[in-house]
Amino acid sequence: MASTSFFPPRPSSTLAEIASLTKATLVDASRAEHRITGLASLDEAGPMHLSFFENLRYSDELAGTRAGACLVSERFEGRVPPHVAVLRARRPFHAFVAYARYLYADALRPQTGVAAPGIAPTAVIHETARLEDEVTVEPLAVIGPDVEIGSGTVIGAGAVIAAGVKIGRDCDIGAGSHLQHALIGNNVLMHPGCHIGQDGFGFIFAGQHTKVPQTGRVIIQNDVELGAGTTIDRGSLRDTVIGEGTKIDNQVQIGHNVTIGRHCVIAAKCGLAGSLTLGDNVALGAMVGINNHVVIGDGAQVAAMSGVKDSIPAGERWGGMFARPTRTWFREMLAVRRLAESGGAETGARPDEDRDEGRA
């Protein structure tokens, strides 16, 4: 079980309290006063832990669990051992997360914990910068001329906020991050080491590499989260825009002039080339690469490690190298597998044909 020593939980809760908070039903009301002190997976849980079950793959773990209580749907309720209190929930994992958010509220925001709230003595703040009340600036952070920062925002240790950057309220700017040419909305969570607003990769290739001026901005709307080490280039002629509610994982590269819609999910190590557009609610698996000027429609999904060179219509699921609709991709992979297993018999080729070619 993962150590929670860095995130002390709230005081213990009774099963009745957990049922109320998660909108679950405690099947055996006589257990209402049993107390839960933490969360754990089925195989590591003890009598004071809450766990959950919603996937038959983990049936063995459920059968052997020592958990004090388990969130489970009505469909699988009968599989829970009799010593485990049953909390019936329509969506067990969602209910589990609701309680986890209550129990470990401090884990929901990136916190370096290197300094008390307020302005650290070693922070460097330009005299023209404007900071609202209750802004925290941690040691060795640098805030440049004409920067504006809203109340409740935390600027992490060693972060650099360059001239003219505007940051809204209740944001967390991770340690070692660098922001320039950027406008940041409210409740934006930026994990350590992000780089926002640097040059886009724009050159004319004509015998020598002639740099194209990158004069746009980065605009990050409300409720966006950026993973550690993510880089977002500023625009050249137009802004690079990240829509509200979008969640971006670690080490993602977003090129200049990119427009990302609202509530998108982009997993780790994706690379988005310049001037492409993602609609709302787009999901990209890890290590997806997308060519420039491509348009990904609303609600589209791209499988991990895919290369996208063509636009994808709204609502479709694509994957592969190069990406195409998943049904086509799966059929092609199955056909290649069958061909390989048959040794080329389906085409009339002999397995040793290539090796025999050219022999006297």
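Residues numbered from 1 in each chain as written. Predicted model: local features only at pLDDT ≥ 70, side-chain atom pairs only at ≥ 80, totals over all residues. Heavy atoms only, no water.

Under an unreviewed UniProt entry, the name given to the protein is UDP-3-O-acylglucosamine N-acyltransferase, and the source organism is Rhodopseudomonas palustris. Comment text from UniProt for the protein, heading Function (unreviewed entry), reads "Catalyzes the N-acylation of UDP-3-O-acylglucosamine using 3-hydroxyacyl-ACP as the acyl donor. Is involved in the biosynthesis of lipid A, a phosphorylated glycolipid that anchors the lipopolysaccharide to the outer membrane of the cell." As its UniProt record puts it under Sequence similarities (unreviewed entry), the protein is described as follows: "Belongs to the transferase hexapeptide repeat family. LpxD subfamily." (UniProt positions renumbered as here; feature names shortened; annotations may be inferred.)

Participant: Could you clarify how one ought to interpret the nonpolar core in this entry?
Facilitator: It is characteristic of soluble globular proteins that their nonpolar side chains tend to be buried jointly. Ile 220 and Leu 272 are the most contacted members of the largest nonpolar core, which has 51 residues in total. Secondary-structure elements contributing two or more residues to this core are strand S18 (182-184) and strand S23 (218-220). Excluding anything up to four places from it in sequence, Leu 272 contacts Gln 253, Ile 254, Gly 255, Val 258, Ile 260, Ile 266, Leu 278, Leu 284 and Ile 290. Membership of the second largest hydrophobic core comes to 19 residues, among which are Ala 19, Ala 32, Ile 36 and Ala 85. (Core = buried A, V, L, I, M, F, W, Y, C linked by side-chain atoms within 4.5 Å. Buried < 20%, exposed > 50% of the residue type's maximum accessible area, 1.4 Å probe, protein only. Helix = DSSP H or I, 4+ residues; strand = E, 2+ residues; numbered from the N terminus. Contact = heavy atoms within 4.5 Å.)

Participant: Any chance you could explain the pairing of strand S6 (residues 69-72) here in plain terms?
Facilitator: Within a regular strand, the side chains alternate between the two sheet faces. Side-chain alternation along S6 places Ala 69 and Leu 71 on one buried face and Cys 70 and Val 72 on a second face that is also buried. In terms of strand pairing, strand S5 (residues 49-53) meets S6 through four bridges, oriented parallel. The residue bridging Phe 52 from the neighbouring strand is Leu 71, located in S6. Viewed along the sheet, the connection from S5 through helix H2 (residues 59-64) into S6 turns out right-handed. Pairing of S6 with strand S7 (residues 85-88) involves four bridges; the strand directions are parallel. Looking at S7, one finds that Leu 71 is bridged to Leu 87. (Pairing = 2+ DSSP bridges. Right-handed = clockwise from strand over helix to strand, strands pointing away.)

Participant: How do you make sense of the confidence of the model for the protein when you look at a structure like this?
Facilitator: Detailed reading of the predicted model is not advised wherever pLDDT is low. Averaged over the protein, the pLDDT score is 92; the fraction of residues at 70 or greater is 93%. Confidence drops under a pLDDT of 50 for residues 353-360, and excluding neighbours within four residues, the segment shows one contact in the predicted structure. (pLDDT = per-residue confidence, 0-100.)

Participant: Honestly, the packing of aromatic side chains in this entry has me stumped. Any pointers?
Facilitator: When we look at a pair of aromatic rings, we describe it by the centre distance and by the angle of the planes. Summed over the entire model, instances satisfying the criterion amount to seven aromatic pairs. For the pair Phe 201 and Phe 203, a centre-to-centre distance of 5.1 Å together with 70° between the ring planes defines the contact as edge-to-face. Of the residues examined, Phe 201 reaches a relative accessible area of 66% and is grouped as exposed. The cationic tip of Lys 309 hangs over the ring face of Phe 322; the distance from NZ or CZ to the ring centre is 5.8 Å. (Phe/Tyr/Trp six-rings, centres within 6.5 Å; stacked < 30°, edge-to-face > 60°. Lys NZ or Arg CZ within 6 Å of the ring centre and 35° of its normal.)

Participant: Could you clarify how one ought to interpret the pattern of salt bridges in this entry?
Facilitator: Two side chains with opposite charge may pair up if their charged atoms get near one another. A full pass over the atoms with the stated rule returns 13 salt bridges. Asp 172 is the salt-bridge partner of Arg 109, the closest N and O atoms lying 2.7 Å from each other. Taken together, the positions of Arg 109 in the loop between helix H3 (92-103) and strand S8 (124-125) and Asp 172 in strand S16 (residues 172-173) put the pair 63 residues apart, joining distant regions of the chain. Here Arg 262 ties to Asp 280 by a salt bridge, and the two come within 3.0 Å at their closest N and O atoms. (Salt bridge = Lys/Arg side-chain N within 4 Å of Asp/Glu carboxyl O.)

Participant: Explain the domain arrangement of the protein to me, please; I cannot follow it from the model alone.
Facilitator: The parts lose accessible area when they come together, and the size of an interface is often stated as this lost area. In terms of domain boundaries, the protein breaks down into domain 1 (13-107) and domain 2 (180-324). For domain 1 versus domain 2, the distance between C-alpha centres works out to 38 Å. (Domains from an automatic or database assignment.)

Participant: Teacher, can you tell me more about the sheet that holds strand S2 (residues 25-26) here?
Facilitator: Think of a sheet as strands paired side by side through backbone hydrogen bonds, with each pair either parallel or antiparallel. Overall, mixed pairing links the five strands, which are arranged S2-S7-S6-S5-S4 in an open sheet. Each edge of the open sheet is held by one strand with a lone partner, namely S2 and strand S4 (38-39). On top of the sheet, helix H1 (residues 15-22) reaches S2, S5, S6 and S7; it is set at about 15° to S7, its chief contact. Seen against the sheet, H3 touches S4, S5 and S6 and runs at an angle of roughly 155° to S5. (Axes fitted to C-alpha atoms, helices over the stretch in contact; angles between N-to-C directions.)

Participant: Help me out: how do you make sense of helix H4 (residues 326-341) in this one?
Facilitator: Because an α-helix packs 3.6 residues into every turn, residues spaced three or four apart end up facing the same way. End to end, H4 covers 22 Å across 16 residues, agreeing with the expected 22 Å (1.5 Å per residue, within 8%). Two residues or fewer past H4, Gly 343 is found with a positive phi of approximately 65°. (Expected span 1.5 Å × (residues − 1).)

Participant: Which parts of the structure should I look at to understand the sheet that holds strand S17 (residues 178-179)?
Facilitator: Taken in spatial order, the 10 strands line up as S8-S11-S14-S17-S20-S25-S28-S31-S34-S37 in an open sheet, and their pairing is parallel. Single-partner strands in this sheet number two, and they are S8 and strand S37 (307-308). Relative to S17, strand S14 (residues 160-161) is paired through two bridges, and the arrangement is parallel. Residue pairing across strands places Ile 161 opposite Leu 179, the latter belonging to S17.

Participant: Just to check I follow, could you spell out the pairing of S5 for this structure?
Facilitator: Across the five residues of S5, four count as buried, placing the element largely inside the fold. In terms of strand pairing, S4 meets S5 through two bridges, oriented parallel. Within S5, the position partnered with Leu 39 by the bridge is Leu 50.

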